[in-house]
Every structure is written in structure tokens, then in C-alpha cells.
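Structural overview
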Amino acid sequence: MDAQVNSALSKALLVVNCLILAIGNCGGPIIMRLYFVKGGKRIWLSSWLQTVGFPIIAIPLLISYFHRRKTEGPNTKLVLMKYPLFIAAAAVGLVTGIDDYLYAYGMARLPVSTSSIIIASQLAFTAVFAFLLVKQKFTAYSVNAVVLLTVGAGVLAMHSSSDRPKGESTKMYVLGFLMTVAAAVLYGFILPVVELMYLKAKQAITYTLVLEIQLVMCLFATVFCTVGMIAKKDFQAMAREARAYALGEAEYYLVVTWSAVIWQFFFLGVIGVIFCASSLLSAIMIAVLLPVTEVIAVIVFQEKFQAEKGVALFLSLWGFVSYFYGEIKNKKSKEEIEGQKNDSQSTEMTPIQ
């Protein structure tokens, strides 16, 4: 009975994290693009906003602490994370800061519908790094999904010039395209590294510990981006930028604030899905949400949806279907094999009358 309860709780936690990831994954790019479209220019600020909302994580951590204190007594530890895991999380956080900058640079130059499809290609990179770092097993279906997503990004690359926003030079557009690809590659590396941290940690990985890891990662990513903001004098520029913002000064600060909150949803969802399942499923969830982000971008920003985007989107969806079909088929095969083993063992244990 306890096993069934634990299984149900695990599934519920996975669903909750998938929902949190969906909010962040769809809302993050939209609100970041809104900042740039309406007059925002500061790339380091946009990078900083992706992780500066990390103090939000302190709320569930404090709730968890007081809950543990009721059962464990006054000697309950406030922080569960050990020093080696802290160092690993800090290092990943700095790499995340670099990835945030690459992504923000691309978002400043590309329409959301284009950048989202490019980011979807991170599934291919996650798959490769997951295979190398955490020995992720592949089937013909998962390989097919990776190939289709990669081809989809290639289709966009070959026809990218027709999607250039008005007033954007070809040079800056291409640079934004390359920066977004680099962000996809780097984040494809980060996800399996987080899973590897869980596997190599010399302590029990609980959801509370996962939240602590996320807090440390976002803290160091924020520190990295803060240095960039100071160097580019972004803090001083915010007041001037707010006064000239197309939506209004108050609305500028609303966009900035909600950007920090929504991006925190994304990171919490990602690390939660990795905890409940795997880095590959986390990457797949990000890619699966692509069509939703596409539709929102076209509606909100009246972005063009050319034929090459349609082809790339079709290839992406084909890849998603292929992956999930393979996973379902693989799960059924494992259940059948397990059932045959149990039947065989039952037969062997039956006494001869």
C-alpha cells in the first residue's frame, strides 16, 4: 500500500512540475520578447532577469524546514546540501549564467517563433550529452526524434533571411541565430549535468535538496549576470529606459518584475522534472511546448509564419510523436518481459503434488 501511495505522490509531483515548466517555458520567451519589442535594449538585464527571481525558492524551503522541524525536533538542519554538492551547483550556475546571456542575445534579434524552434533542437544535444554523461539508453524511435529535430533547425537556418525583423541588419540577425543555437547546445549540456549531480551526490536526493540546488544555481547565474550588468551600466540605464518605454514607465517595471517571476517557474519546473524523471524528459517537455509558444507569439506579436517554419514545426511534432510512441512501446515490452519472469518464477516455486 505504501509503495502505491509513494508512486501516486511521485506521479502527482511530476505533473505539478510539468505544469510549472509549461508556464515558464511558454511565458518566459513571450515576456522577454515583449521587453525588446517595446523598446528594451539591455541584453545583460534580460539575462539577469532569468534567474534573479531565485529568492522565491526560499518560501517552499522555509515551509519544508518548519515541517521537518515538527518531526525531527530543534536539531533539524536548515540546509541539507553538503559542500561538494554546493560547489557542483555553483559551477553549473555560472555556466547557466553564460547560457542566459546567449539566449537573451538571440531573443533580442529573432522572433519568438524562430528562436523557439531553434531552442527545440536542444533535445538533440541533451540526448547526446545524456548518453555520454548518464548512460541514457536509446531506441530507434528516440534516435529518429533527435534527427528530425536537428533537420527542423537546419531548415530554419537555410531560410532565415526572410524572417529578419524590420530594422535588423543581416549581420546581427545571423549573429542572433548563432547565439541561440549556442544557447541550445549549452543548455543541452546543463540538463544531463544536473542529472549527473543527482547520481553522484553522496547524500539522499529529496525534493527539498533539489530546491536548494536550484537556489544555488540561480544565485551564481545571477552573480555572473550582475557583473555583466555593472560593466555595461545596465542598472543606471533602467530608469532612462523605463521613461522611454512604449507601454509606459509603470508597465516597464511590471514587465521586468513578471519576467523574473515567470522565468523562475521555468527553472523550477526543469529541475523538478529531472528529479522526478530524467534530463531527457525535461528536454522533451521543453520541445513539446513549442507549438503553444509558436501560437502565442503569432497572436501577440503578429509574427509571420512562413512555409519553412511550418516544415520545421511539422518535423518537430513528428519527432515528439516518434519519441513518445517509442517510450510507450518500450514500457509495454518491459512489462511483458517482467510478467514472463514472474510467471516463470511462480511455476518454478509451485510444489509437485
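Because the structure is a prediction, the values reported are computed rather than measured. (Residues numbered from 1 in each chain as written. Predicted model: local features only at pLDDT ≥ 70, side-chain atom pairs only at ≥ 80, totals over all residues. Heavy atoms only, no water.)

1. Looking at the overall build of the protein
When helices and strands are counted, the protein shows 14 helices and zero strands. For the protein, the N- to C-terminal ordering of α and β elements is α-α-α-α-α-α-α-α-α-α-α-α-α-α. When burial is assessed residue by residue, the protein has 49% of its 353 residues classed as buried. In the structure as shown, the protein presents an accessible area of about 17800 Å², 69% of it carried by carbon and sulfur atoms. (Helix = DSSP H or I, 4+ residues; strand = E, 2+ residues; numbered from the N terminus. Buried < 20%, exposed > 50% of the residue type's maximum accessible area, 1.4 Å probe, protein only. Areas by Shrake-Rupley, 256 points an atom, 1.4 Å probe, with all protein chains shown as cover.)

2. Describing the nonpolar core
With 79 residues, the main nonpolar core has Val194 and Ile213 as its most contacted residues. Per-element tally for this core: the top contributor is helix α11 (residues 249-276), with 13 residues. Leaving out residues up to four positions away in the same chain, Val194 has contacts with Val92, Met217, Ile271 and Ile274. With seven residues, the next largest nonpolar core counts Ile117, Ala287, Ala312 and Leu313 among its residues. (Core = buried A, V, L, I, M, F, W, Y, C linked by side-chain atoms within 4.5 Å. Contact = heavy atoms within 4.5 Å.)

3. Some points on the environment of Asn330
Its location among the elements puts Asn330 in helix α14 (residues 307-349). The spacing of Asn330 and Thr139 is 191 residues in sequence and 8.4 Å in space, taken between C-alpha atoms.

4. Thoughts on the packing of helix α4 (residues 83-109) against helix α9 (residues 207-232)
Closest axis-to-axis distance for the α4/α9 pair is 7 Å, and the angle between their directions is 50°. Taken as axis vectors, α4 and α9 run oblique relative to one another. Of the two possible hands of crossing, α4 and α9 adopt the one that is right-handed. Contacts between α4 and α9 pair Leu85, Phe86, Ala89, Ala90, Val92, Gly93, Leu94, Thr96, Gly97, Ile98 and Asp100 from the former with Leu209, Ile213, Val216, Met217, Phe220, Ala221, Phe224 and Cys225 from the latter. Residues of the contact of α4 with α9, tallied by class, amount to 15 nonpolar, three polar and one charged. (Axes fitted to C-alpha atoms, helices over the stretch in contact; angles between N-to-C directions. Parallel < 35°, antiparallel > 145°, perpendicular 65-115°, else oblique. Left-handed = near helix turned anticlockwise from the far one by under 90°. Nonpolar A, V, L, I, M, F, W, Y, C, P; charged D, E, K, R; others polar.)

5. Concerning the state of the cysteines
All told, the structure shown has zero disulfides when counted by the stated rule. Note on Cys18: no disulfide assigned, nearest cysteine sulfur contributed by Cys276 at a separation of 7.9 Å. (Disulfide = S-S within 2.5 Å.)

6. Details of the packing of aromatic side chains
Under the criterion given, the structure shown has 16 aromatic pairs. With 6.2 Å between their ring centres and 50° between their planes, Tyr35 and Tyr252 make a pair best called tilted. One end of the pair, Tyr35, is in helix α1 (residues 2-37); the other, Tyr252, is in helix α11, and 217 residues separate them in sequence. When the centroid spacing of 5.8 Å and the interplanar angle of 55° are considered together, the rings of Trp44 and Phe224 count as tilted. Taken together, the residues Trp44 in helix α2 (residues 43-49) and Phe224 in helix α9 connect sequence positions 180 residues apart. Using a relative accessible area of 17% as the deciding quantity, one classes Trp44 as buried. Since its relative accessible area comes to 28%, Phe224 is described here as partly exposed. (Phe/Tyr/Trp six-rings, centres within 6.5 Å; stacked < 30°, edge-to-face > 60°.)

7. Overview of the packing of α9 against α11
Contact geometry for α9 and α11: axes closest at 10 Å, N-to-C directions at 135°. Compared by their axis directions, α9 and α11 come out oblique. As for the relative orientation of α9 and α11, their crossing is right-handed in sense. Contacts between α9 and α11 involve Tyr207, Val210, Leu211, Ile213, Gln214, Met217 and Cys218 from the former and Gln264, Phe267, Leu268, Ile271, Gly272 and Phe275 from the latter. For the contact of α9 with α11, the residue count by class is 10 nonpolar, three polar and no charged.

8. Here we look at unusual backbone geometry
If a residue is not glycine, its phi is most likely negative; likewise, a peptide bond is most likely trans. With phi around 55°, Lys233 is a residue other than glycine that occupies positive phi space. As for its placement among the helices and strands, Lys233 is situated in the loop between α9 and α10 (234-244). Overall, the relative accessible area of 53% leaves Lys233 in the exposed class.

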